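Results of the structural survey
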Amino acid sequence: MSKPEKLIENGIRLDGRKPDELRPIKIKVGVLNRADGSCYFEFGGNKVIAAVYGPREVHPRHQQKSTSAVVRYRYNMASFSVEERKRPGPDRRSIEVSKVSREALEPVIFQEYFPRSAIDIFVEVLQADAGTRTAGINAASIALADAGIPMKSLVSACAVGKVDDTLVLDLNKDEDNYGQADMPIAMTPDGKITLLQMDGHLTRDEFKEGLEMAKIGCLAIHEMQKTALIEKYSSQFDEPNDNPPFSTGSSQIGGDAVE
Amino acid sequence: MEMDKKLVTPGEFLSDEVALADEGTYVEDGKVFSSVFGIASLKNHIRVVPLSGKYIPRPGDMIIGIVTEVSFSNWIVDIRSPYEGLLHISEFPRRIENTDMSKYLTVGDSIMTLVRDVDPKMKVELTLNDQRLRQIKEGRIIDVTPSKVPRLIGRNGSMIAMLKNETNCNIFVGQNGRIWLTGKDKGMDMAVKAIFKIERESHIPGLTDRMIKFFKDEKHKPIKEPEKEIVETEEVKIEEPAEVEKPAEDVFEEEKPGGILDELLGDNK
């Protein structure tokens, strides 16, 4: 797609949003039976799934820390997640995203509760539409809570940017590609920033204003994250699971077999 | 769930009373926050019981382990935790030679064991050196989320007592969420169903009443479908070790109702 002439017209963006409006969000908690915690997260056109395993034994052994857990985060884009087929496997970009996302979550996890163990977070991007790292962090933080891992708080993330000299919240694909700046931010609900990257240029004042916009966006996302978690347990009344977790095997060890 | 209990997410503010902060919480700037996603109770102590999570061993826990390896002087035991359990040869009830270790306990064997000690590096030492502990040779073992164990036992053991009564089974609940059942097949089937129901619904108010109703309904159910019965019989046959014979079983049945488990757990119904 070529550059649209205008990204904002009469204060309305290409997808019909106002500058400070988030894209629609859909969250489902506990979508994977195998994982200890999981979450499916839709953020506009982004569709990501996060799985958390652990705390569990560390393999390879040399990675383990004797006084705390290691957190490992793998961000991966499916080859079909973008228009042009993405060559599968880790690349420079996904290694970077994995690193910064891990560092966005580490400060809230009580790692010292689980020495010599690993907490593994996997984020798979099924469909990408600008802002996958923020979607991944949002999903991962819910999956961590779902896995019962102790945390100081959830982490919420969204981006701000500048298009047509206007600050906008939560950029979409076109705004990301043709805009003047993109700044993904992750923070705790009390405003502690755990991730901040910037691509492009912002003035000092724009930066400050953008940060405030992101703060409001993150708070809105945080509310949705909480609601989604609580929903998992309010809609589960007496609903026998048709495919119980694989590990819940009932094993018979001798005893009275036939009556 | 009483009025003082509610579902909370990590980071949720709970109280200003720092002195009452207990498990599942953390204190910052003179305030108590939840550290896990779970059910908070604010009475007496402020604590949050997580809805999921791994078993973290603590000294004194009675658990069920499965031997995964026999090393020179230790049995290595899976205890459903990020950490493996070590059962040293000297913690076996009688003196045995290193070379004979696998004659007594070998890979795949289940044991009811006690966590003797856990050091800061999470080295978990187990023992069998206690009247109440033994190898598990019969019955079934099922797994539930370790954080649901207290609900399964109930206040002063009321829930587990009801389960035992209604199903005529002996049930031992390990702190690591492994549960050992012995009894007749039909009773065990019902107990397993009941246990999974408790696991699924423990966060919803009125659990005890629902369980009473559950047992009432189960009892009045039409005699089970023959098809299912056949399947189960087959399944059981495959898993049944050859050496377990009928006579042994009968003896076991007879001494059971007042038997080992009750005696070890000290709750004579």
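In what follows, the accompanying structure is described. Note that the structure is a prediction, hence the values are computed from the model and not measured.

A look at the overall build of chain B
On a plain count of helices and strands, chain B comes out with eight helices and 15 strands. For chain B, the proportion of its 269 residues judged to be buried stands at 49%. Here the analysis covers contacts within chain B between residues at least 6 apart in sequence; of these, 61% occur between residues at least 24 apart. Accessible surface, chain B: about 13700 Å² in total, of which carbon and sulfur atoms supply 52%.

Structural notes on the environment of A:Val100
Residues and elements named next belong to chain A. In this fold, Val100 is placed in helix α1 (residues 92–105). Overall, the relative accessible area of 14% leaves Val100 in the buried class. Residues Val100 and Tyr73 lie 27 residues apart in sequence; the distance between their C-alpha atoms is 9.2 Å.

Quick notes on the sheet that holds strand β6 (residues 70–77) of chain A
Residues and elements named next belong to chain A. Spatially, the five strands line up as an open sheet ordered β3-β4-β5-β7-β6, and their pairing is mixed. Edge positions in the open sheet fall to β3 (25–29) and β6, since each of these has one partner strand only. Across this sheet, the average inter-strand angle for adjacent strands is 15°, counted without regard to direction. Across the sheet, α1 touches β6 and β7 (117–127), and the angle it forms with β6 is around 140°. Each of β3, β4 (37–43), β5 (46–57), β6 and β7 touches helix α2 (residues 132–146); the most contacted strand, β4, lies at about 150° to it.

Observations concerning the pattern of salt bridges
According to the stated counting rule, one finds 43 salt bridges over all chains in the structure shown. Between B:Glu28 and A:Lys152 there is a salt bridge, and its shortest N-O distance comes to 3.4 Å. Of the two residues, B:Glu28 sits in strand β3 (residues 25–28) while A:Lys152 sits in the loop between α2 and β8 (156–163), which places them in two different chains.

Some thoughts on unusual backbone geometry
A cis amide bond links A:Gly54 with the next residue in sequence, A:Pro55, at an omega value of 0°. Mapped onto the elements of the fold, A:Pro55 is located in strand β5. Look at the link from A:His59 to A:Pro60: it is a cis peptide, with omega at -5°. On the secondary structure map, A:Pro60 appears in the loop between β5 and β6. One non-glycine residue, B:Asn168, lies in the positive phi region at around 60°. Mapping B:Asn168 onto the fold places it in the loop between α3 (158–167) and β14 (170–173). With a relative accessible area of 65%, B:Asn168 lands in the exposed category.

Concerning the sheet that holds β3(B)
All names here are of chain B. Pairing is antiparallel in the open sheet, where three strands are placed in the order β2-β4-β3. Unpaired on one side and paired on the other, β2 (13–15) and β3 mark the two borders of the sheet. Taking the axes of each pair of neighbouring strands and ignoring which way they run, one obtains an average angle of 40° across the sheet.

What about the packing of α3(B) against helix α5 (residues 207–219) of chain B?
Residues and elements named next belong to chain B. Between α3 and α5, the shortest axis-to-axis distance is 11 Å and the interhelical angle comes to 5°. It follows from the interaxial angle that α3 and α5 lie roughly parallel. Along its contact with α3, which presents Met159, Met162, Leu163, Glu166 and Thr167, the element α5 presents Leu207, Thr208, Met211, Ile212, Phe215 and Lys219. Residues that form the contact of α3 with α5 fall into these classes: seven nonpolar, two polar and two charged.

Regarding the environment of B:Asp78
Residue and element names in this part refer to chain B. One can find Asp78 in strand β8 (residues 74–78). Residue Asp78 is classed as partly exposed on the basis of its relative accessible area of 30%. For Asp78 and Thr68, which are ten residues apart along the polypeptide, the C-alpha to C-alpha distance reads 6.2 Å. Aside from chain neighbours lying at most four places away, what touches Asp78 is Ile64, Gly65, Ile66, Thr68 and Arg178.

Some remarks on α2(A)
The end-to-end C-alpha distance of α2(A) is 21 Å, a good match for the 21 Å that 15 residues give at a rise of 1.5 Å each. Here α2(A) lies mainly inside the structure; 15 of its 15 residues are buried.

Details of the pairing of strand β7 (residues 62–70) of chain B
Residues and elements named next belong to chain B. Pairing between β7 and strand β10 (residues 110–118): five bridges, direction antiparallel. By the bridge assignment, Met62 is partnered in β10 with Leu114. Bridging between β7 and β8 involves four bridges; their strand directions are antiparallel. Directly across from Ile66, in β8, lies its bridge partner Asp78. Linkage of β7 to β8, two consecutive antiparallel strands, is achieved through a turn of three residues.

A word on the nonpolar core
A:Phe41, A:Leu105, A:Ile109, A:Ile121, A:Ile137, A:Leu144 and B:Trp75 are the most contacted members of the largest nonpolar core, which has 93 residues in total. Those residues in contact with B:Trp75, other than ones at most four positions away along the chain, are B:Val67, B:Glu69, B:Val70, B:Gly85, B:Leu86, B:Leu87, B:His88, B:Ile89, B:Phe92, B:Ile96, B:Met101 and B:Leu105. The next biggest cluster of nonpolar side chains, apart from the first, holds 25 residues, and it includes B:Leu152, B:Ile195, B:Met211 and B:Phe214.

Things to note about the state of the cysteines
Evaluated as defined, the whole model comprises zero disulfides over all chains. Free of any disulfide, A:Cys158 has its nearest cysteine sulfur in A:Cys218, 3.9 Å distant.

Some thoughts on the packing of helix α4 (residues 185–201) of chain B against α5(B)
Residue and element names in this part refer to chain B. The geometry of α4 relative to α5 is characterised by a closest axis approach of 11 Å and an angle of 150° between their N-to-C directions. By the angle between their directions, the pair α4 and α5 is classed as roughly antiparallel. The two elements α4 and α5 meet at a crossing, and its hand is right-handed. Listed contacts from α5 to Met190, Lys193, Ala194, Lys197, Ile198 and Glu201 of α4 are Leu207, Arg210, Met211, Phe214, Phe215 and Glu218. For the contact of α4 with α5, the per-class residue count stands at seven nonpolar, no polar and five charged.

Some words on the packing of aromatic side chains
The full count for this structure, using the stated rule, is eleven aromatic pairs over all chains. Ring geometry for A:Phe110 against A:Tyr113: centres 5.0 Å apart, planes inclined by 15°, an arrangement best described as stacked. A relative accessible area of 38% means that A:Tyr113 is categorised as partly exposed. An aromatic cluster is present here, built from A:Phe110, A:Tyr113, A:Phe114, B:Phe13, B:Tyr26 and B:Phe33 joined pairwise through their rings. Sitting over the face of the ring of A:Phe43, A:Arg23 holds its NZ or CZ atom 5.3 Å from the ring centroid.

What counts as what
- For every chain, the first residue of the written sequence is number 1, and numbering continues from 1 onward in sequence order.
- For this description, chains carry letters from A and ligands carry numbers from 1, given in the order in which they are written.
- Given that this is a predicted model, residues contribute local features only at a pLDDT of at least 70 and side-chain atom pairs are listed and counted only at 80 or more, while totals for whole chains, interfaces and linings are drawn from all residues.
- Note: side-chain values were computed over all heavy atoms of the structure, leaving out hydrogens and water.
- Strands here mean DSSP runs of E at least two residues long; helices mean DSSP runs of H or I at least four residues long; both are numbered from the N terminus.
- Partly exposed describes any residue whose relative accessible area lies between the buried limit of under 20% and the exposed limit of over 50%, with all areas from a 1.4 Å probe on protein chains only and scaled to the type maximum.
- Between two residues, a contact is recorded if the distance between any of their heavy atoms is within 4.5 Å.
- Under the convention used here, a 1.4 Å probe and the Shrake-Rupley method define accessible areas, while residue burial counts only the protein chains that appear.
- Criterion used throughout: strands pair if DSSP finds at least two bridges between them.
- Note on method: axes are straight lines fitted to C-alpha atoms, helices fitted across the in-contact stretch only, with angles between N-to-C directions ranging 0 to 180 degrees.
- Here a salt bridge means any side-chain nitrogen of Lys or Arg lying within 4 Å of a carboxyl oxygen belonging to Asp or Glu.
- What sets the label is the angle itself: under 35 degrees gives roughly parallel, over 145 gives roughly antiparallel, 65 to 115 gives roughly perpendicular, and the rest give oblique.
- Gly is put with the polar residues, along with every residue not named as nonpolar or charged; the nonpolar set is Ala, Val, Leu, Ile, Met, Phe, Trp, Tyr, Cys and Pro, and the charged set is Asp, Glu, Lys and Arg.
- How far a helix is expected to stretch is found by multiplying one less than its residue total by 1.5 Å.
- Residues grouped as a nonpolar core are buried Ala, Val, Leu, Ile, Met, Phe, Trp, Tyr and Cys residues, joined through side-chain atoms within 4.5 Å.
- Note on terminology: disulfide denotes any pair of cysteine sulfur atoms within 2.5 Å.
- Handedness of each helix crossing follows the sense of rotation of the near helix against the far helix: counterclockwise by less than a right angle gives left-handed, clockwise gives right-handed.
- In summary, the pairing rule links any two rings of Phe, Tyr or Trp, Trp by its six-membered ring, whose centres are within 6.5 Å, and it sorts them by plane angle into stacked for under 30 degrees, edge-to-face for over 60 and tilted for everything else.
- Comment: the charge-over-ring label is applied if NZ (Lys) or CZ (Arg) is within 6 Å of the ring centre and within 35 degrees of the ring normal.

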